[in-house]
Amino acid sequence: GENVEQHPSTLSVQEGDSAVIKCTYSDSASNYFPWYKQELGKRPQLIIDIRSNVGEKKDQRIAVTLNKTAKHFSLHITETQPEDSAVYFCAASPYNNNDMRFGAGTRLTVKP
Amino acid sequence: DTEVTQTPKHLVMGMTNKKSLKCEQHMGHRAMYWYKQKAKKPPELMFVYSYEKLSINESVPSRFSPECPNSSLLNLHLHALQPEDSALYLCASSQDFGRGRVETQYFGPGTRLLVL
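Residues numbered from 1 in each chain as written. Chains lettered and ligands numbered in written order. Predicted model: local features only at pLDDT ≥ 70, side-chain atom pairs only at ≥ 80, totals over all residues. Heavy atoms only, no water.

1. Section: the overall build of chain A
Along the backbone of chain A there are zero helices and 11 strands. Ordered by position from the N terminus, the helices and strands of chain A form the series β-β-β-β-β-β-β-β-β-β-β. Rg of the C-alpha trace for chain A: 13 Å, near the compact-globule value of 13 Å for 112 residues, within the 12% margin. Once the C-alpha set of chain A is aligned to its principal axes, its extents read approximately 45 × 30 × 20 Å. For chain A, the residues scored as buried account for 46% of the 112 residues in total. Carbon and sulfur atoms make up 46% of the accessible area of chain A, which amounts to about 5400 Å² in all. (Helix = DSSP H or I, 4+ residues; strand = E, 2+ residues; numbered from the N terminus. Rg over C-alpha atoms; globule rule 2.2 N^0.38 Å. Buried < 20%, exposed > 50% of the residue type's maximum accessible area, 1.4 Å probe, protein only. Areas by Shrake-Rupley, 256 points an atom, 1.4 Å probe, with all protein chains shown as cover.)

2. Quick word on the sheet that holds strand E3 (residues 18-25) of chain B
Residues and elements named next belong to chain B. Strand order in the open sheet formed by four strands is E1-E3-E8-E7, with antiparallel pairing between adjacent strands. One side of each edge strand has no neighbouring strand; the edge strands of this open sheet are strand E1 (4-7) and strand E7 (64-70). Each neighbouring strand pair of the sheet contributes to a mean axis angle of 20°, computed without reference to strand direction. As judged from the four bridges shared by E1 and E3, these two strands associate in the antiparallel manner. Looking across to E3, one finds that Thr7 is bridged to Lys22. (Pairing = 2+ DSSP bridges. Axes fitted to C-alpha atoms, helices over the stretch in contact; angles between N-to-C directions.)

3. Here's the deal with the side chain of His29(B)
All names here are of chain B. For His29, the position within the fold is in the loop between E3 and strand E4 (31-37). Of the residues examined, His29 reaches a relative accessible area of 6% and is grouped as buried. Of note is the side chain of His29, whose polar atom sits 2.8 Å from the side chain of Ser93. With sequence-adjacent residues up to four places away left out, His29 is seen in contact with Ser71, Ser93, Ser94, Gln95 and Tyr106. (Polar contact = N/O pair within 3.5 Å; in protein donor to acceptor, adjacent residues only side chain to side chain. Contact = heavy atoms within 4.5 Å.)

4. Looking at the state of the cysteines
Note on terminology: disulfide describes a covalent bond linking the sulfur atoms of two cysteines. The full count for this structure, using the stated rule, is two disulfides over all chains. Sulfur-sulfur distance for the disulfide between Cys23(A) and Cys90(A) comes to 2.0 Å. Disulfide Cys23(A) to Cys90(A): torsion about the S-S bond roughly -100°, handedness left-handed. Highlighted residues: Cys23(A) in strand E3 (residues 19-25) and Cys90(A) in strand E9 (residues 86-94), separated in sequence by 67 residues. Each member of the pair Cys23(A) and Cys90(A) is classed as buried. Between the sulfur atoms of Cys23(B) and its disulfide partner Cys91(B) the distance amounts to 1.9 Å. (Disulfide = S-S within 2.5 Å.)

5. Focus: the environment of Ser71(B)
When you line up the elements, Ser71(B) lands in the loop between E7 and strand E8 (73-79). By relative accessible area, which is 24% here, Ser71(B) ends up partly exposed.

6. What to know about the interface of chain B and chain A
One widely used convention gives an interface's size as the accessible area the parts lose upon coming together. On the side of chain A, 24 residues touch chain B, which itself brings 28 residues to the contact. Both sides together, the interface formed by chain B and chain A hides about 2000 Å², and carbon and sulfur atoms give 51% of it. The tally of links from chain B across to chain A stands at two salt bridges. Its salt-bridge partner being Glu3(B), residue Arg43(A) comes within 3.6 Å of it at the nearest N-O pair. (Buried area = accessible area lost by both parts, 1.4 Å probe. Salt bridge = Lys/Arg side-chain N within 4 Å of Asp/Glu carboxyl O.)

All quantities given are derived from atomic positions and should not be read as evidence of function.
Put into structure tokens, the structure is as follows:
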């Protein structure tokens, strides 16, 4: 089955700086890669996703890049704000079923 | 309605109790999921229903019994749980995969379960 690795496990940045979180996956059948943000005590919420036919996607301060050859994808947050503080999970899902696997998560802290 | 709802929000049960968790969505999604999330860990997939049929069971112990009465509802029946089963149980839904395209999963708020 799919194995998703995520780094770093914790990340602390100053407000206004950029944050980058990286994930690798093992199953070449995976073709959908969402990123979820989970605040303490809340549900995981989708913030951005990318499919394997696209190399990069951007939504305001958030961008995701995908390198299918190397089997890795990254989340980039620019101009970070304290409200960006949360746990971020990457995930990978194969094209032929609903078996989505999560990375271990990154706890992002944005210091004001 | 663009939300997945779950009841109850919190549940405390003894090891001999029987209880049920409920999940509902009205987005017309045909795939529904149960995940278990322990503190400081990612969600772990337990079950997937596709068109009201169980399509994935991740070797979950039989003390957890899922049920999908219709395309909008998903239940998780609990019996004889252990203290280590205490966790946040998340429900999610999505359009079903098809034509080589996997769809986004939307999560409910979860039920925080404590087994004493």
